Amino acid sequence: MDALPGNLVINGIEVDLEGDTLRRPDGSMALLRPRSFATLRYLVANANRLVSKAELHEAVWFGVAVTDDSLVQCIHAIRRALGDDDRSVLQTVSRRGYRLNLPEDRATAPGGSS
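A brief look at the structure comes next. Please read all numbers here as calculations on a predicted model, not as lab measurements. (Residues numbered from 1 in each chain as written. Predicted model: local features only at pLDDT ≥ 70, side-chain atom pairs only at ≥ 80, totals over all residues. Heavy atoms only, no water.)

A short note on the packing of helix α2 (residues 53–61) against helix α3 (residues 68–82)
And then number 1: For the pair α2 and α3, the least separation of the axes is 11 Å and the interaxial angle reads 85°. As far as their axial angle goes, α3 and α2 are roughly perpendicular. Listed contacts from α3 to Lys53, Leu56, His57 and Trp61 of α2 are Asp68, Ser70, Leu71 and Cys74.
And then number 2: Looking at the contact of α2 with α3, its residues break down into four nonpolar, two polar and two charged. (Axes fitted to C-alpha atoms, helices over the stretch in contact; angles between N-to-C directions. Helix = DSSP H or I, 4+ residues; strand = E, 2+ residues; numbered from the N terminus. Parallel < 35°, antiparallel > 145°, perpendicular 65-115°, else oblique. Contact = heavy atoms within 4.5 Å. Nonpolar A, V, L, I, M, F, W, Y, C, P; charged D, E, K, R; others polar.)

Concerning the pattern of salt bridges
And then number 1: Under the criterion given, the structure shown has two salt bridges.
And then number 2: In this structure, Asp20 engages Arg41 in a salt bridge whose closest nitrogen and oxygen atoms are separated by 2.1 Å. With Asp20 in the loop between β2 (13–16) and β3 (21–23) and Arg41 in helix α1 (residues 34–45), this pair connects stretches of sequence that are 21 residues apart.
And then number 3: Overall, the relative accessible area of 41% leaves Asp20 in the partly exposed class.
And then number 4: Put simply, Glu55 and Arg49 hold a salt bridge, and the shortest N to O gap is 2.4 Å. (Salt bridge = Lys/Arg side-chain N within 4 Å of Asp/Glu carboxyl O. Buried < 20%, exposed > 50% of the residue type's maximum accessible area, 1.4 Å probe, protein only.)

Some words on the nonpolar core
And then number 1: By size, the foremost hydrophobic cluster in this structure holds 29 residues, and its most contacted members are Ile10, Val15, Leu22, Leu32, Leu40, Leu43 and Leu100.
And then number 2: Going through the elements one at a time, β1 (7–10), β2, α1, α2, α3 and β7 (97–100) are the ones with two or more residues in this core.
And then number 3: The element best represented in this core is α3, accounting for seven residues.
And then number 4: When neighbours within four sequence positions are excluded, Leu40 is seen to be in contact with Ile10, Val15, Leu22, Leu32, Ile78, Leu82 and Leu100. (Core = buried A, V, L, I, M, F, W, Y, C linked by side-chain atoms within 4.5 Å.)

A look at the sheet that holds β7
And then number 1: Pairing is antiparallel in the open sheet, where three strands are placed in the order β5-β7-β6. Two strands close off the open sheet at either side, each with one partner strand: β5 (51–52) and β6 (90–93).
And then number 2: Pairing of β5 with β7 involves two bridges; the strand directions are antiparallel. Pairing of Ser52 across the sheet is with Gly97, part of β7.
And then number 3: Along the sheet, α1 makes contact with β5, β6 and β7, crossing β7 at roughly 65°. (Pairing = 2+ DSSP bridges.)

In structure tokens form, the structure reads like this:
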């Protein structure tokens, strides 16, 4: 796995992967619970590829038995925090898993050149 960037912007939200924070364009913070942020971090590290539910369970819950609903709640919280109402950034692939789409114009370092 490649090293993760410290900060990136997803759907207009600044994501600080080192500080576990999300900042909206108006400067206010969007909050995510620790497991939801861990899920987002894993999806960023594996952006633009299908990540299975089983892979997410293992990566985020470390083999602890949890229901699929726990993952669904994390995905819902991430979408809400990122303002991804149309599910274009974080897609569900039916019965298989999730794909975080990070095209160049949606995920750039703040203040960086495009």
